[in-house]
Amino acid sequence: MLQPILPLILFAFVATATPGIATTLSTASGAQFGFRRSVPLMIGSAAGLATVTGAAAAGLASLLLAVPSLQLAMKVIGSLYLLWLAIKIGRAGPPNLDVTMAKPNSFLGGAGIQWMNPKGWAMGLGAAASFAALADGPGQLALLLGSTFGLTAAISLSVWCIAGMVLARLLKAEWQWRALNIALALVLAASIIPMWWTA
């Protein structure tokens, strides 16, 4: 039973584990707040990706990607939100001195990141086209893709969050924290660029 869906699981792991917007935010949140306080962000991001891929399998992605004005609005809103988050991360200091990023991102913030990223919709549409034969109809495919991407995202983001926690233990001086936060902010800002390459 597992063998037919193994390629889908591998595809989902690669898609969710590679560096990007959600992984960068999970790393930064793990470094600043630890695992427990980062859980809402990670669950929200995983749930957001699950619903995006599920909606893509159900056919909504093709409509969204076919309407240029809606696609442009998603890119602009998503880019501005991510730039705002990057500025917050870049200005943050060590956890005990931080006043600009006083709490981790929320469940809704994590989910919203996925819903405003056209790259996520395109990925969901590609997965739906590639793995449609695994399900009987759009409803079953939406459930299969949503659950697979949601679970793999939760695992991948947890690993990135733990990596952030490990980094935090290695940082002793305030300048090291500043350097890490600026680096994560730059990576997050740079992750916006592929969003504008998505057709």
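See the structure printed just above.
Residues numbered from 1 in each chain as written. Predicted model: local features only at pLDDT ≥ 70, side-chain atom pairs only at ≥ 80, totals over all residues. Heavy atoms only, no water.

**Some points on a nonpolar patch on the surface**
Taken together, Phe35, Ile162, Val166, Leu167 and Leu170 make up a surface patch of nonpolar side chains, about 430 Å² in accessible area. Broken down by element, the residue count for the nonpolar patch peaks at four residues, all from helix α7 (residues 138-170). Positionally, Phe35 belongs in helix α2 (residues 21-58). The exposure class assigned to Phe35 is partly exposed, which follows from its relative accessible area of 31%. (Patch = residues over 30% accessible without salt bridge, like charges linked within 9 Å, V, L, I, M, F, W, Y side chains within 5 Å. Areas by Shrake-Rupley, 256 points an atom, 1.4 Å probe, with all protein chains shown as cover. Salt bridge = Lys/Arg side-chain N within 4 Å of Asp/Glu carboxyl O. Helix = DSSP H or I, 4+ residues; strand = E, 2+ residues; numbered from the N terminus. Buried < 20%, exposed > 50% of the residue type's maximum accessible area, 1.4 Å probe, protein only.)

**Observations concerning the pattern of salt bridges**
Enumeration over the complete set of coordinates arrives at one salt bridge. Glu174 serves as the salt-bridge partner of Arg178, at 3.0 Å between the closest nitrogen and oxygen. Taken together, the positions of Arg178 and Glu174, both in helix α8 (residues 174-190) and four residues apart, correspond to about one turn of that helix. On the accessibility criterion, Arg178 (32% relative accessible area) is partly exposed. Of the residues examined, Glu174 reaches a relative accessible area of 37% and is grouped as partly exposed.

**Overview of the nonpolar core**
Grouped together as the largest cluster of nonpolar side chains are 18 residues, with contacts concentrated most on Leu25, Leu82, Ile89 and Leu188. Mapped onto this core, the elements with two or more residues apiece are α2, α4 (68-91) and α8. Each residue touching Leu25, except ones within four places of it in the same chain, is listed here: Leu41, Leu85, Ile89, Asn105, Ile113 and Leu188. One finds Ala46, Ala135, Leu141 and Ala142 within the second-largest nonpolar core, a separate group that totals 15 residues. (Core = buried A, V, L, I, M, F, W, Y, C linked by side-chain atoms within 4.5 Å. Contact = heavy atoms within 4.5 Å.)

**Observations regarding the packing of aromatic side chains**
Both the distance between ring centres and the angle between the ring planes are used here to describe each pair of aromatic rings. Summed over the entire model, instances satisfying the criterion amount to two aromatic pairs. Here the aromatic rings of Phe11 and Phe149 are separated by 6.1 Å at their centres, their planes lie at 75 degrees, and the arrangement is edge-to-face. Here Phe11, found in helix α1 (residues 2-17), pairs with Phe149, found in helix α7; they are 138 residues apart in sequence, far enough to count as distant. For Phe149, a relative accessible area of 0% gives the class buried. Clustering of aromatic rings is evident, with ring pairs tying together Phe11, Phe131 and Phe149. (Phe/Tyr/Trp six-rings, centres within 6.5 Å; stacked < 30°, edge-to-face > 60°.)

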